[in-house]
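Summary of structural features
Listed here are the chains, written in short residue letters.
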Amino acid sequence: MRARALRITDATQGQLRRLNLATALPPLLLAAVVVVAVDMHAWWHAFILVPGVAAALVAFERWTANDIGRVALPAVLVSAVVWPLGVLVTGSPNAYWGIASAASLAVPRLTRHRYAAAAALVGYVAVIGATRLLIEPDGAVTRFVLVPTGLTTLIIVASFVGERFYDIVQELEVSKEREAELAVTRERVRFAGDLHDIQGHTLHVVKLKAALAQKLVRADPDRAEDELREINALVTDTIKQTKELAYGQRRLNLAAELENAKNLFEAAGIAVRITREAEAGARTSELLGQVLRETTTNILRHAQATRVRITLAAAGITIVNDGARGESVPELRGLSTLRRRVAEDGGELTVSLAEGEFVTAAVFAR
């Protein structure tokens with residue numbers, strides 16, 4: 001029995017796991033205790049009933065961890081053996097609970113033949129329950145056939161409906177991932193456009209002036225020399241602007257960067273909240289915009305964030321996201337470069353990790 005796993009991020013999986021454990025595990029534990037307590041008429045009956053409920057609980061725990069495939073087959077086999085023993089040996093009409101629970105978690109995750117497997121499950125519960133008629137011809141149909149079969153059918157139908165919910169979660173995760181990739185691509189296209197703006201016009205002018213200087217080099221050497229000086233000045237200025245672009249040092253409009261960051265995060269399915277405590281000063285606005293741009297790119301490319309908080313103050317900015325991975329602060333080359341520039345301008349750029357949140361903060365002395 002090969003059960004597929006959902007393609008979702010660790011952060012989403014953790015949230016779903018905590019939700020399922022908090023809401024569904026207590027009722028399942030209660031049902032397991034009730035099944036054993038009601039159907040156990042002798043102490044040795046526990047050796048038959050307990051493995052079935054244990055298999056169901058293990059299957060549920062692995063299902064919440066998105067790892068049902070590892071235990072699906074053994075859990076279903078164990079609980080499948082418990083049902084006929086409960087019917088023929090201990091007379092336990094609720095012994096089907098283990099197979100109904102374990103199989104209903106595994107069957108909707110099958111890669112193929114899911115509906116055939118669901119029909120086989122219901123048929124198995126009904127046929128095994130009917131064997132009780134060999135021992136107890138009167139009164140066994142309702143307790144061992146109709147009730148177990150009906151409840152198993154309801155459980156498996158509910159599982160298929162619930163699985164559709166997780167399919168939607170998976171589709172949203174995939175969509176979010178694609179939107180994040182698209183947002184990064186847009187940022188790269190914008191960078192390419194800036195680079196074209198810097199170099200395209202300059203190279204065209206240089207080409208024309210070089211051709212003119214070539215014509216004038218003998219006829220008018222002085223003017224040819226002027227053209228060459230202008231070419232040198234243009235190339236020098238272009239090199240400077242290109243370096244500034246490569247290190248994110250071109251003048252940025254902080255308000256525009258805030259709006260751009262908001263649009264990028266929302267496009268990636270990330271909830272964003274922007275708090276303006278005060279407007280940044282002219283001296284710090286440009287560097288704060290660079291910090292925000294670099295941090296936005298890092299979150300979209302490297303984090304698994306669902307929420308981002310941006311707080312702007314007169315002399316600083318703080319960006320917090322909940323998509324931190326691991327226990328240590330990763331090395332972010334772009335921020336390392338900005339850290340030196342912020343320090344040169346009398347500020348401090350810090351990154352920290354606390355309680356699953358990654359914090360980037362840039363503060364300048366007033």
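In this report, we go over the structure that sits alongside the text. Each residue is numbered by its place in its chain's sequence as written, counting from 1. Whole-chain, interface and lining totals are the exception, using all residues; otherwise, since this is a predicted model, local features are given only for residues with pLDDT of at least 70 and side-chain atom pairs are given and counted only at 80 or more. The side-chain quantities take in all heavy atoms of the structure and omit both hydrogens and water.

Glancing now at the pairing of strand S3 (residues 316-321). Taken across its 6 residues, S3 has 5 buried, putting it largely inside the fold. When strand S2 (residues 307-313) meets S3, the two strands line up antiparallel, connected through 6 bridges. Counted as the bridge partner of Val308 is Asn321 from S3. Across 6 bridges, the pairing between S3 and strand S5 (residues 357-364) is antiparallel. The partner of Gly316 across the bridge, within S5, is Val363. Burial classes: relative accessible area under 20% of the type maximum marks a residue as buried, over 50% as exposed, and values in between as partly exposed (1.4 Å probe, protein chains only). In DSSP terms, a helix is any run of H or I states spanning at least four residues, a strand is any run of E spanning at least two, and both are numbered starting from the N terminus. Pairing between strands is defined by DSSP: at least two bridges between them are needed.

To pair, rings of Phe, Tyr and Trp, with the six-membered ring standing in for Trp, must have centres within 6.5 Å; the planes then decide the type, stacked if under 30 degrees apart, edge-to-face if over 60, and tilted in the middle. Tallied over the full model, the rule gives 4 aromatic pairs. Between Trp43 and Phe47, the aromatic rings sit 5.9 Å apart at their centres with planes inclined by 80 degrees, giving edge-to-face as the arrangement. Taken individually, Trp43 and Phe47 each receive the classification exposed, so the pair is uniform in this respect. For the ring pair Tyr115 and Phe160, a centre distance of 5.1 Å and an interplane angle of 15 degrees mean the geometry is stacked. Residue Tyr115 is located in helix H6 (residues 114-130), and its partner Phe160 is located in helix H7 (residues 140-219); the two are separated by 45 residues in the primary sequence.

Strand order in the open sheet formed by 5 strands is S1-S2-S3-S5-S4, and the pairing between neighbours is mixed. Edge positions in the open sheet fall to strand S1 (271-276) and strand S4 (347-354), since each of these has one partner strand only. Going across the sheet, the axis of each strand differs from the next one's by a mean of 10 degrees, ignoring polarity. Note on geometry: axes are lines fitted to C-alpha atoms, helical ones only across the stretch in contact, with angles between N-to-C directions running from 0 to 180 degrees.

What follows deals with the pattern of salt bridges. By definition, a salt bridge exists where a carboxyl oxygen of Asp or Glu is found within 4 Å of a side-chain nitrogen of Lys or Arg. Counted by the stated rule, this structure contains 12 salt bridges. For Glu61, the salt bridge is made with Arg62, and the minimal N-O distance between the two is 2.8 Å. Note that Asp322 and Arg307 form a salt bridge whose closest N and O atoms lie 3.5 Å from each other. You can see Asp322 sitting in the loop between S3 and helix H11 (333-344) and its partner Arg307 sitting in strand S2, a full 15 residues away along the chain. Judged by its relative accessible area of 48%, Arg307 falls in the partly exposed class. Linked through salt bridges whose partners overlap, the residues forming this network are Glu61, Arg62, Asp67 and Arg70.

Before going further, it helps to spend a moment on H6. For H6, built from 17 residues, the straight-helix expectation of 24 Å at 1.5 Å per residue is met to within 8% by its first-to-last C-alpha distance of 24 Å. Ala118, Leu121, Val122, Val125, Ala126, Ile128 and Gly129 are the residues of H6 that are buried. One less than the residue count of a helix, multiplied by 1.5 Å, gives the span that helix is expected to have.

Considering the arrangement of structural elements, one finds Pro137 in the loop between H6 and H7. Classification of Pro137 as exposed rests on a relative accessible area of 57%. Sequence spacing of Pro137 and Ile68 is 69 residues, and the spatial spacing of their C-alpha atoms is 39 Å.

Now for the nonpolar core. Ranked by internal contacts, the top residues of the largest apolar core, which has 30 residues, are Phe265, Ile310 and Ile317. Listing elements by their share of this core, those giving two or more residues are H7, helix H9 (254-267), helix H10 (282-302), S2, S3, H11 and S5. Buried Ala, Val, Leu, Ile, Met, Phe, Trp, Tyr and Cys residues that are joined via side-chain atoms within 4.5 Å together make up what is termed a nonpolar core.

This brings us to a nonpolar patch on the surface. A patch consists of residues exposed above 30% relative accessible area that lack any salt bridge, with like charges linked at up to 9 Å and nonpolar side chains (Val, Leu, Ile, Met, Phe, Trp, Tyr) linked at up to 5 Å. Reported accessibility uses the Shrake-Rupley method at a 1.4 Å probe radius. Residues are deemed covered only where the shown protein chains occlude them. Taken together, the side chains of Trp43, Trp44, Phe47, Val81, Leu85, Leu88, Val89, Leu134 and Ile135 make up a nonpolar region of the molecular surface, amounting to roughly 1000 Å² of accessible area. For the nonpolar patch, the element with the most residues is helix H4 (residues 68-90), which contributes 4 residues. With respect to the element layout, Trp44 can be found in the loop between helix H2 (25-39) and helix H3 (46-64).

Attention now goes to unusual backbone geometry. Positive phi, normally seen in glycine, also occurs at Asn66, with a value near 60 degrees. Turning to its location among the elements, Asn66 is positioned in the loop between H3 and H4. A positive phi angle is found at His113, which is not glycine, with a value near 55 degrees. Summarising the element assignment, His113 is placed in the loop between helix H5 (97-106) and H6. The exposed category is assigned to His113, whose relative accessible area is 58%.

Let us now look at H10. Every α-helix winds through 3.6 residues per turn, so residues three or four apart in the chain are directed the same way. The end-to-end C-alpha distance of H10, which contains 21 residues, comes to 31 Å, matching closely the 30 Å that a straight helix rising 1.5 Å per residue would cover. The element H10 is largely enclosed, with a buried count of 15 among its 21 residues.

On the secondary structure map, Ser352 appears in strand S4. Look at Ser352 and you get partly exposed, because its relative accessible area is 34%. Taking the C-alpha atoms as reference points, Ser352 and Ala324, 28 residues apart in sequence, are found 9.9 Å from one another.

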